[in-house]
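Understanding the architecture of this molecule
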Amino acid sequence: MVYTRNRAKCSVFILIVLFLILLIENGVLCQSPVFACDIGKNPSLGSFGFCNSSLDIASRVSDLVQRLTLQEKIINLVDKAGAVSRLGIPSYEWWSEALHGVSYVGPGTKFSSVVPGATSFPQVILTAASFNASLFQAIGKVVSTEARAMYNVGLAGLTFWSPNVNIFRDPRWGRGQETPGEDPLLSSKYGAGYVRGLQETDNDPNRLKVAACCKHYTAYDVDNWKGIDRYHFNAVNQQDLDDTYNVPFKSCVIDGNVASVMCSYNQVNGKPTCADPDLLSGVIRGEWKLNGYIVSDCDSVDVLYSSQHYTKTPEEAAAVSIKAGLDLDCGTFLSQHTEAAIKGGLVNVSDIDRAITNNFATLMRLGFFEGDPTKQPYGKLGPKDVCTPDHQELAREAARQGIVLLKNTAGSLPLSPTTIKSLAVIGPNANVTKTMIGNYEGTPCKYTTPLQGLTAVVPTLYSPGCANVACATAQVDDAKKIAAQADATILIVGIDLSIEAESLDRVDLLLPGQQTLLINEVVTASKGPVILVIMSGGGFDITFAKSNTKITSILWVGYPGEAGGAAIADVIFGYFNPSGRLPNTWYPQEFAEKVNMTNMNMRPDPATGYPGRTYRFYTGETIYEFGDGLSYSPFNHRLVKAPTLISVPLEEGHTCRSESCQSVQLVESHCQNLAFDIHLGVKNMGSMAGSHTVFLFSSPPNVHNSPKKHLLGFEKVHLTSQREELVKFRVDVCKDLSVVDEFGSRKVALGLHVLHVGDLKHPLSIMI
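What this report covers is the structure whose coordinates are included nearby. Given the structure is predicted, the values throughout are model-derived calculations rather than measurements. (Residues numbered from 1 in each chain as written. Predicted model: local features only at pLDDT ≥ 70, side-chain atom pairs only at ≥ 80, totals over all residues. Heavy atoms only, no water.)

Overview of helix α16 (residues 476-485)
Put simply, the rule reads: A simple rule labels every residue: compare its accessible area, found with a 1.4 Å probe on the protein chains alone, to the largest value its type can have, and call it buried under 20%, exposed over 50%, or partly exposed in between. Note on conventions: DSSP H or I runs of at least 4 residues are helices, E runs of at least 2 residues are strands, and numbering of each starts at the N terminus. Throughout, the arc means the angular range of directions from the helix axis out to the C-beta atoms. Whether two residues touch is decided by their heavy atoms; if any such pair falls within 4.5 Å, the residues are in contact.
Among the residues making up α16, those that are buried are Val476, Ala479, Ile482 and Ala483. The buried residues of α16 occupy an angular sector of 140° when projected down its axis, which confines them to one face. Relative to its buried face, α16 has exposed residues pointing more than 90 degrees away, namely Asp477, Asp478 and Lys481. Along its buried surface, α16 packs onto β11 (423-426), β12 (460-463), β13 (488-494) and α17 (515-525).

This is how it looks when you write it as structure tokens:
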């Protein structure tokens, strides 16, 4: 009788647990999302114009702003915006992050038993290595779906301060992993694509699914190098600013229609970016027509006063930032000092109105003032829509597409899962979890480590060899022992956030600790082929491995995300044909020894021996070049269609009709109908289906210190064995074949341009 009673209690308990799980999965036992205009609970709010969704956004925002007191306006200048209870407006936290998945960095987002994790995609640098623009947008769309789902259960906001589109100018930069790499076009395509994925709704172009933010504007890429921090470097010439550093931000605003731009900590030529009216009001708001708000990096306004000593008083710092065009302060500085700045006559209330108008307009576009979010588009999303099988499979696919095969001795990879009876897996990154997702991370749905991924295919023997990536001593005996008996050895090495991270730049380009010793000892002892796998954001001088014939293959896997281990195994065993290409130049150690990280000049200086930066300008030796990457299949290119001469139409009295000109200033009349098509046949010559990235480069005439070459476009095409496909590029002469002169003006370079795709070269003359 007792047994029966206990069994009955147990059954009831199980039913209750199952019922609670069902409620959680359907978002019933959750916090409420934060929103304004809850007319259902407070019908009087319906009389306010800003709660009337039939009015246009500008009218609604105007109605709201004129109802606020000065103090109520000021508390809406900071990320932890204060509540205006009398108007039915709750406090709102602006700061959430979604660099490569919904993140717990920033107070606006958290995980709980309701949503314990979100899909963690590869770190941006690896996703960029896919050179697949449709993938960039697809990831953004998944992230925004999961973000909305978490918002609906009170775990996230609607404003996400991602992506990071800074140019990865120097391989030592700790935050380079967050970026799409060193090339302005790739960074632009990534930024605009990811932003569209995050923001775009299914119907109304003026509405936002979530609001993205492109950061950190501008010329920001030193964090902490040999005692020089991100607050105390500046100086960049106008040519580099317009030719390189600002290009991705322009694309974010114009092509991506991003809702926000974040100004950076650093100064540009003596002015803090968050206090520079030319950069903010002039360029972002004026030239590019930002439809959204400008936010400071966290505590930047405080930094420009207390650390950079740009102003004498905090009130002046508040005033100069707001007047420059800053709308929102990540921090508390503006809430503390703006009122005194107004009373002191340093800034006008109209400047405050402008700032909060931009902020509230963004929240209007997000539906924050529409009442109950569950009755709006995306209102049915909930915990069931986070970490779905499809989302997790996309994370694995993104990692596969980004992995770069840098070396592959004939017949080495892929390994055969049937002939490999034992596999030695060695290295400090062989069985890592959190390392795989890099920084600005969230809690993943789950992890598949490299060891787990490989063990799922063949039997493995494992030895870490190093306790961590900075190991002072290497445990080589166990590593050598298993390498000597295994059919093949995989060494998984590299770095992690203890070596490269925010506020932590590298000082050299060598593998840290005793990893090189470990690799060499294992290679000597190994019975079979050795595959070297490097997990990192930045590149290395691995000349020793590149030239060692016993190291048959080298893979760079970035920080490959939650499914990284499965993706690595997919590539090594040939379930996926590698197609990633390096988004960054890999330099020799000599570069780090001779080149000052704070030299912001992109172009070389022969007088001082300075070699320049990135593939576009660098004149020195490289370990691997931008765009390098192998496949298991060879691909062939053939030129089908391309012009050899383009004439720029100039008016009769133009100076260049009577004088010799190297370039022509861009004006609309010159640029009309100055676009042409290039058609290329691309054929998979191998026996294995695979994807191939077609790069179209141009080497312009040597005018205005132009780049050696620059990327005009890229297309990723999937081809089965022996199949050929036509790839088309549309080239706009004024946009794609122009160069920036020494004063920051974009001009069409006259003379011989050489277009190249792989080994193909095609001359194109641009004349008047």
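Description of unusual backbone geometry
Following Lys215, the chain continues into His216 via a peptide bond in cis, with omega recorded as 0°. Looking at the secondary structure, you find His216 in strand β3 (residues 214-217). Leu413 connects to Pro414 through a cis peptide bond whose omega is 5°. Structurally, the position occupied by Pro414 is in the loop between β10 (404-408) and β11. A positive phi angle is found at Phe131, which is not glycine, with a value near 50°. Within the fold, Phe131 resides in the loop between α4 (124-128) and α5 (133-152). Taking the relative accessible area as the measure of exposure, Phe131 reaches 1% and is therefore buried. With a phi close to 70°, Gln722 is a non-glycine residue in the positive phi region. Residue placement: Gln722 occurs in the loop between β21 (710-719) and β22 (724-732).

Section: the state of the cysteines
Condition: Here, the term disulfide refers to a pair of cysteine sulfur atoms separated by no more than 2.5 Å.
Applying the stated criterion across every chain yields a total of eight disulfides. Through a disulfide, Cys387 is tied to Cys445; the S-S separation comes to 2.0 Å. On the sign convention where negative is left-handed, the bridge of Cys387 and Cys445, at about -90° about the S-S bond, is left-handed. Separated by 58 residues along the polypeptide, Cys387 in the loop between α13 (349-365) and α14 (389-402) and Cys445 in the loop between β11 and α15 (450-455) bring together distant segments of the chain. Classification of Cys445 by relative accessible area gives partly exposed; the value is 24%. Each disulfide pairs two cysteine sulfurs, and for Cys656 the partner residue is Cys661, the sulfurs being separated by 2.0 Å. Between Cys656 and Cys661 the disulfide shows an S-S torsion of about -95°. By sign, it is left-handed. When its relative accessible area of 7% is taken as the criterion, Cys656 is described as buried.

Description of the sheet that holds β12
Applied cut-off: Whether two strands pair comes down to DSSP finding at least two bridges between them. Axis geometry follows a simple rule: fit a line to the C-alpha atoms, using only the stretch in contact for helices, then measure angles between N-to-C directions, giving values from 0 to 180 degrees.
Read from one edge to the other, the open sheet built from six strands follows the order β10-β15-β14-β13-β11-β12, with strand pairing classed as mixed. Looking at strand neighbours, the two that pair on one side only are β10 and β12, the edges of this open sheet. The average undirected angle you get between the axes of adjacent strands in this sheet is 20°. One ladder, built from four bridges, connects β10 with strand β15 (residues 551-556); its direction is antiparallel. In the sheet register, Asn408 faces β15, and the bridge partner there is Ser553. Against the sheet, α17 makes contact with β11, β13, β14 (530-535) and β15, and its axis sits at roughly 175° relative to β13, the strand it touches most.

Some words on the packing of aromatic side chains
For clarity, the threshold we go by: Two aromatic rings, drawn from Phe, Tyr or Trp (for Trp, its six-membered ring), form a pair once their centres lie within 6.5 Å of each other, and the interplanar angle then sorts them: stacked below 30 degrees, edge-to-face above 60, tilted otherwise.
For the structure shown, the criterion picks out 29 aromatic pairs. With centroids separated by 5.2 Å and ring planes inclined at 75°, the aromatic side chains of Tyr231 and Tyr265 adopt a geometry described as edge-to-face. With a gap of 34 residues between them, Tyr231 in the loop between β5 (228-229) and α7 (238-245) and Tyr265 in the loop between β6 (260-263) and β7 (267-268) connect regions that are remote in the sequence. Look at Tyr587 and Tyr618: their rings are 4.7 Å apart centre to centre, the planes differ by 85°, and that puts the pair in the edge-to-face class. You can see Tyr587 sitting in the loop between α19 (564-572) and α20 (589-594) and its partner Tyr618 sitting in the loop between α21 (614-617) and β16 (635-641), a full 31 residues away along the chain. Since its relative accessible area comes to 6%, Tyr618 is described here as buried.

In short, the description is geometric, and any link to function would need to be established separately.
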